[in-house]
Every structure is written in structure tokens, then in C-alpha cells.
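The lines below spell out each chain.
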Amino acid sequence: MQKSYGIKFIVLFLICVFLFSTNTLAFGMDFNDDIQKITLDYYYYDGFGQDKVVQSVNDGSWHILKPDGSLINLKGKYLAFAGMEGKNQIFDDNYYRFVIGNDSYSIDYSNRFIYVDKNGLECFVDGYKYVDPTKGENYFILSNVKGNGYETGLYHKCNKTLIIPAVYDTLNYISDDRIIACKNDKYGMMNIEKEEIIPFSYKYIDYINDNFIIAINDDDKYGVINLDNEVVLSFEYDEIYNIHEYGGYLRISINNKFGLINTATAEIVVPLEYEGIEYSRNETAVAIMEGRYGVIDVTNKIVVPFIYDSIMNCYDGFIVYKDEMAGFVNEEGNVILPVECYNISEVKDGYVTAVIEDKSGEHKYAVYDLNGEEIVPPIYDYIDYYATDKYMLVNKGWYAYLINKETGKEMIADSNLHFTDVKYINDKYYAGGLSGGYAVVNFAGQRLTLHNYNDISIINIDGEDIIAAKYHTERFNTYFDYFKQTNGPSTWAKDEVTKAIESNLVPFEYQAAFTFNIKRYEFCSIIVEFLEEYQDTSREEILKNNNIDLVNPPITDGFSEDIAICLDLGIVNGRGNGIFDGESEITREEAAVMLTNLSKYLGLYKDSDDVYLNDKSSVSPWAMDAVNFVLQNNMMQGVGNDIFSPKTNITREQTYIIMYRMLNDIDF
């Protein structure tokens, strides 16, 4: 009994293996990662959080798309989306920024930015040319042009009332009790009730805190006052320089001598004894003494000695220069890379990218960690170590490659494709760049699109990652082509496409983008592949046997051997005036003519009867005989209901199947 069960198991196992193998044979081969172009209702842009800014493909209207699929409709006739602005700027909230043009509203606007908040509220007020957000969540700054300046006021966006009339040259809203304004070229400070806090008697003021307000008097001297207009630091300085992103310490100067002042106490912490000084970060500053650069801390203690020609502060330390060479010193003043590099190109995320001399004397890029240990040896002409977490971008000569940081392996070592720039998309695709733009390329080394995109990225639409390829068609407007990530041809086409490839009818570079419309130059290549198989010959023999001239081509655009063969054999024709138009996509009636011409060249043509078509009137007269021929001989088929659809395009996969059937199945 156990033996019987064992036999049954073996038989069942063999049946499963057979079924699996026949299924594998049906689809024939493993295809590389591929894409299919899809049509979406909107062009998608980044938004705050999970929101997206979208533009209707049909009418160009703009919206904010919420995660639940609902839309906030924006009323503006925007020329373009210009990104997002937030609290890192002058605003207290996050805003979308758009470009608007002259005809957007009743006022004669020039092209400029307009802001829209996260909820779709547009910064627009009738009667004012410029409407900008503020640090306060309730207010807009309103401005109109007046002479060579502006008339500026403050508007309550919720109450829709003018809080401060537009009579000021400038307004800088800090809070309801801290509003810096300029009127008649004099600066002062007031509150939301327009009550004067600091008199309008200064050439300029810059609020740091209540006890540290930079002011310039009529003698163009800088000083520090407090909220009571009391002088904290006398008006004797040539400069008090505020770098907003650093805060804490400001540069001061008298008679070309520089020091640092603490903004919390208004105390001069670094005396005015340097020829130049720039606060960097982490309580340090780059300074100049007797023409040499060094680094001090805010107690005036030397961190890096004054021995360098120049110093550039950066994250994790300082790039130092001497005698036209570069090195790297960390924040504690320790030398990590001696001044023996030709350049330090970048310091970022704990790594230093340097240009050094290799053993042959050539300048190459290398990467080091913050201990000075070599991470990438000097073998590349350029390195962007930070291109992605997993991959770095390198150049060898003119060409760019993505390299796995951990293994050092090129991601596409065997590809015949070469690009001057490469951008990572995901672990299936990359953007290959040439002078004309980027193309989508898979990691098998097959180019899937033309090089006509400005940028290529991944966006998530309804839970699916879609490739978004951006291009410009006008001065402002940005549009996208969208591609679904797939694998191989359409399901219905896989069997015969597999056989076409196995029959050597499809070059490797065309074994992708199967659902794309085939172009004239691509069709020529497939025809030549067919001729090689059908006649058991080669391109070289076809060129030689027909004395085809490659030196003096009859066309001036995009000439190739395959185009030359098809032109000489009468299979395809140019457009006239030396133009072949190889990038043009082929229509079904054009394909019928080319296939008929191929049949004539091979001696397979015969007159055909008229085939009944419901759309016969749509077929061009010059294509009618060819359409009858290909339909009657089953080289092509209609699209259903006795319709040929002559003006629609034919795809790559359809072309491959036709050529395979011509090679094997069609009985003339």
C-alpha cells in the first residue's frame, strides 16, 4: 500500500513538472524589467505631507489632492508650479508657490510668484499687485508699486480687513507687538495698533531680540538698541552683520578690524583685532590675521593655526588651502587630510571627497571617512558619493556609472550603452543622460525611452510606484510622461514575441518597451533582421551584393546601415528633400505598405481582391492595395468589426509578431 502511494506521488510530481515546463515554454523566456506608457488625469507634483499638487491634463486647472482622493480646487490661472516654501523662509506656515502671468487677474501683472496655503487659500487681494505671507498665521503683506518703490500694508486674511494701510515703503511682520516698517526712508517699529514703539528715525533696523536690535543712524554708523530705544552698543561701528541662519554671534567691524558680538548679551566676545572674520557654527569662526587664515572659538582661542591661504567652513570641519593645494581639518582642529589634495570637492554625511594624484600622476577622485581612512580609491575622474544611500555616481572619462558602495561593482558592467550623466531611479531603472536629456534605462542595459526628459523620478499613485518623466514644452509649463513598471510584452503577445526573439528577429536593444509605438528607423532594423534570417545572409552581404552606398547617403537625418538597406531595396521611402524622419511613429497603413514592399522584393507579392472594411474611406488611396494584400495574406489583422484603423500606430510587439509569422507561418 505504501509502495502504491509512492508511485502515485512520483507520477503526480512528474505531471506537475511537465505542466510547469509547458507553461514556461509557452512564455518562452524571462524578460527584463520593462515599462508601459500610461495616461493619467493629472500631472503630479510634491506636496506637504501626503498631499500632492496636481494639474488637470485636460484643462490645465490646478488642485490640491488629499490622501483620501478629494480635491481642493485652486482658482488661479497659474503658469507653473514653483515648489514649496515653509517656515525655513519668512513664513509661519507652509505655502505652495506658483508662477502667474499678465492675464491671471484684472490687474496687469508681470510674471511673478503667488502663494497658496496648504488648504488652498490663495494670497490674493483685489487692488494689490503683490500679496505675500508673513510670519504671522493671520496676515498678508500687501504691496503696490509707487514710483521707484512700493506702498505696503498689512491685511488680515481671515477677517479680510486692512489692518495697517498701504502707506509704508516696507513692512516686516514679526509679531503683533513687533512690526518693523519704513516710511519716507526712515525705519522704526510699531505694533498692530500702529502705535510707535521705536521712532521712525533710523536708516535701517534689524530685529534680533528685544534687547538686541541692529540700527543704522544718519551717519551710516551701526549700533545696538533695545525695545525701549536705549543704546546698548554705541553707534560707532562700520558694520554689524547678521547671518540669520547662524544666529548667536554677529560680525562687527571698525576701521577694517573685525570681531564677534554675542546677540544674547550684546557683549563683544572676540575683540576687533582680525582682518576678517566669519562665524561658522559650533562656537567657531574662520578669521584672518596678517593675511593668513585660521579658526578661533568664541572665547578667542585658536582652534586651527593661522597658516593657511584660505579656509572654507563646512559640516564636520574645515577645508583648508595652502599653496594652491587643499586639505581637511576637523572641528577640533585635527588634520584629517594633509594639504596635499588638488581639491576637496565636498564634505557631507561623514565623508570627504578629494581630488588627489594617483600612481600615474593623473588627478583622480577619492573618498575618505572623518578618520582619514580611504573608502574609495583614486580611480575615478569624478565621484558623487552621496547620489543614493546604496550607490555612488562616478565618471570614467566621458561616461558616468552607478557603483555599489559596498561591493564596488558597476551596476551595468556589460551594457553597450554609455551616458555622460546617470541618475538613480530605483533598483530596476536608472536615468541615462546625454546632452539632449535623460532616458529611462533598465539595469539589463536596454534604453526604454528617448533622451528627451529633464528629470525622471518615482511617484506613488494609489499605492503603485509610477515612473514620472518630466519635460518642458513651454517657457514655464512642466509636463510629465508616466510609465507603469512591467516585465516584458503584453500577456497576449508573450508567446509569439518570445518566438520572434528566439528566431533572431529582434535585436537585444529592442527587446523592451514592447507596447511602445514602433518608429521608422526601428522598423528598418527589424526588417533587416528578418532578411538576415529569411535569406540566411548578413547585413554586410546585403550591403555588398546590392552595392549600397554608405558614403553618400540619400538622406541627411539619422542615416544608418539598416535605413540604407531598406531605402535601396525599395522597402521604405524618405519623406522628400533628403529627409527620412526616422523618429516618426509608423501608422498601420504605413506598415502595410512597407510589408507589401518587402513582399515585392522577396517575390512573394500577388494581386489581392478588395477586403471589406467598415472604415475603408479612412485608408489613404496610396495604401489601399497594400492594406488589401496584408489582410488577405494574414500578415496583419483588423482591430475588430471589420475595422482596419489605418491612422493608428503599430507597436513594437505587433511588429515582431508580424515578422515572425512572415518567417514561419504565412502561406502565400
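Rules used throughout
Residues numbered from 1 in each chain as written. Predicted model: local features only at pLDDT ≥ 70, side-chain atom pairs only at ≥ 80, totals over all residues. Heavy atoms only, no water. Axes fitted to C-alpha atoms, helices over the stretch in contact; angles between N-to-C directions. Helix = DSSP H or I, 4+ residues; strand = E, 2+ residues; numbered from the N terminus. Parallel < 35°, antiparallel > 145°, perpendicular 65-115°, else oblique. Left-handed = near helix turned anticlockwise from the far one by under 90°. Contact = heavy atoms within 4.5 Å. pLDDT = per-residue confidence, 0-100. Salt bridge = Lys/Arg side-chain N within 4 Å of Asp/Glu carboxyl O. Buried < 20%, exposed > 50% of the residue type's maximum accessible area, 1.4 Å probe, protein only. Phe/Tyr/Trp six-rings, centres within 6.5 Å; stacked < 30°, edge-to-face > 60°. Lys NZ or Arg CZ within 6 Å of the ring centre and 35° of its normal. Pairing = 2+ DSSP bridges. Patch = residues over 30% accessible without salt bridge, like charges linked within 9 Å, V, L, I, M, F, W, Y side chains within 5 Å. Areas by Shrake-Rupley, 256 points an atom, 1.4 Å probe, with all protein chains shown as cover. Lys, Arg positive; Asp, Glu negative; His and termini not counted. Charge placed at Lys NZ, Arg CZ, Asp CG, Glu CD. Disulfide = S-S within 2.5 Å. Polar contact = N/O pair within 3.5 Å; in protein donor to acceptor, adjacent residues only side chain to side chain.

## Quick notes on the packing of helix 3 (residues 520-534) against helix 8 (residues 652-664)
No. 1: Relative orientation of the contacting elements helix 3 and helix 8 amounts to 20 degrees, with a least axis distance of 11 Å. Considered as vectors, helix 3 and helix 8 are oriented roughly parallel to each other. As for how helix 3 packs across helix 8, the hand of that crossing is right-handed. Only Arg-652, Thr-655, Tyr-656, Met-659, Met-662 and Leu-663 of helix 8 make contact with helix 3, whose side of the interface consists of Glu-522, Phe-523, Ile-526, Ile-527, Phe-530, Glu-533 and Tyr-534.

## Observations regarding the confidence of the model for the protein
No. 1: For the protein, mean pLDDT is 90; residues scoring 70 or higher make up 92% of the total.
No. 2: Taken as a whole, residues 1-27 scores under 50 in pLDDT and shows 6 contacts with residues more than four places along the chain or in a different chain.
No. 3: Every residue in residues 104-109 scores below 50 in pLDDT, and together they form 19 contacts with partners more than four places removed in sequence or on other chains.

## Quick word on the side chain of Ser-253
No. 1: As for its position among the elements, Ser-253 is in strand 22 (residues 249-254).
No. 2: Setting aside chain neighbours within four positions, we find Ser-253 in contact with Tyr-237, Asp-238, Glu-239, Phe-258 and Leu-272.

## Let's talk about the pattern of salt bridges
Pairing between side chains of opposite charge can happen when the charged atoms of each approach one another.
No. 1: Enumeration according to the criterion identifies 26 salt bridges in this entry.
No. 2: With a shortest N-O distance of 3.0 Å, Glu-410 and Lys-396 are connected by a salt bridge. With Glu-410 in the loop between strand 39 (399-404) and strand 40 (421-424) and Lys-396 in strand 38 (residues 391-396), the pair connects residues that are 14 residues apart, well separated along the chain.
No. 3: Asp-495 is paired through a salt bridge with Lys-499; the nearest N and O atoms lie 3.7 Å apart. On the criterion of helical spacing, the pair formed by Asp-495 and Lys-499 is a turn pair, its members being 4 residues apart in helix 2 (residues 494-502).
No. 4: Where salt bridges share partners, they join Glu-529, Glu-532, Arg-539 and Asp-562 into one cluster.

## As for the side chain of Thr-596
No. 1: Topologically, Thr-596 is positioned in helix 6 (residues 588-601).
No. 2: Its relative accessible area of 4% is what places Thr-596 among the buried residues.
No. 3: Residues within four places of Thr-596 in sequence aside, it is in contact with Tyr-605, Ala-626, Phe-629 and Val-630.

## Some words on the packing of aromatic side chains
No. 1: What the rule picks out here adds up to 36 aromatic pairs.
No. 2: Measuring from ring centre to ring centre gives 6.1 Å for Phe-514 and Tyr-656, while their planes differ by 85 degrees; the resulting arrangement is edge-to-face. One end of the pair, Phe-514, is in the loop between helix 2 and helix 3; the other, Tyr-656, is in helix 8, and 142 residues separate them in sequence.
No. 3: For Phe-514, a relative accessible area of 1% corresponds to the buried category.
No. 4: The lysine or arginine in question, Arg-520, covers the ring of Phe-580, its NZ or CZ lying 4.3 Å from the ring centre.

## So, the sheet that holds strand 26 (residues 284-289)
No. 1: Across the sheet, which stays open at both edges, the 4 strands sit in the order 25-26-27-28 with antiparallel pairing between neighbours. With one partner strand each, in any of the chains shown, strand 25 (276-279) and strand 28 (302-308) form the two edges of the open sheet. Strand-to-strand twist of the sheet, defined as the mean angle between neighbouring strand axes without regard to direction, takes the value 15 degrees.

## Focus: the pairing of strand 14 (residues 178-183)
No. 1: A large share of strand 14 lies buried, amounting to 5 of its 6 residues.
No. 2: Both strand 13 (residues 170-175) and strand 14 contribute to a ladder of 5 bridges, which runs antiparallel. Considered in strand 14, the bridge of Ser-175 is made with Arg-178.
No. 3: Where strand 14 folds back onto strand 15 (residues 186-190) in an antiparallel hairpin, the turn is made up of 2 residues, including Asn-184, whose phi is positive at roughly 55 degrees.

## Looking at a negative patch on the surface
No. 1: Negative charge collects at one region of the surface, where Glu-533, Asp-536, Glu-540, Glu-541 and Glu-561 lie side by side.
No. 2: Tracing the chain through its elements places Glu-533 in helix 3.

## Things to note about helix 7 (residues 624-632)
No. 1: Burial analysis of helix 7 places 7 of its 9 residues in the buried class, the great majority of the element.
No. 2: Along helix 7, the residues classified as buried are Met-624, Ala-626, Val-627, Asn-628, Phe-629, Val-630 and Leu-631.
No. 3: Taken together, the buried residues of helix 7 touch helix 6.
No. 4: Asn-634 occupies a position one or two residues after helix 7 and carries a positive phi of about 60 degrees.

## Brief notes about the state of the cysteines
A covalent bond between the sulfur atoms of two cysteines is what we call a disulfide.
No. 1: Using the criterion set out here, one finds 0 disulfides in the structure.
No. 2: You can see Cys-158 has no disulfide; the closest cysteine sulfur is in Cys-123, sitting 12 Å from it.
No. 3: Cys-566 provides the cysteine sulfur closest to Cys-524, a residue in no disulfide bond, and the two sulfurs are 3.9 Å apart.

## Thoughts on the sheet that holds strand 1 (residues 33-38)
No. 1: An order of 1-45-44-43 is seen for the 4 strands of this open sheet, with the pairing classed as antiparallel. Since the sheet does not close on itself, it has two edges, and those belong to strand 1 and strand 43 (455-461), each with one partner. Strand-to-strand twist across the sheet, computed as the mean angle between neighbouring axes with direction ignored, equals 40 degrees.
No. 2: Across 6 bridges, the pairing between strand 1 and strand 45 (residues 478-487) is antiparallel. Following the sheet pairing, Ile-38 is matched in strand 45 by Tyr-482.

## Notes on the environment of Asn-73
No. 1: Among the secondary structure elements, Asn-73 is positioned in strand 5 (residues 71-74).
No. 2: Sequence separation of Asn-73 and Ser-253 is 180 residues, and the distance between their C-alpha atoms is 53 Å.
No. 3: A distance of 2.7 Å separates the side chain of Asn-73 from the side chain of His-63, its partner in a polar contact.

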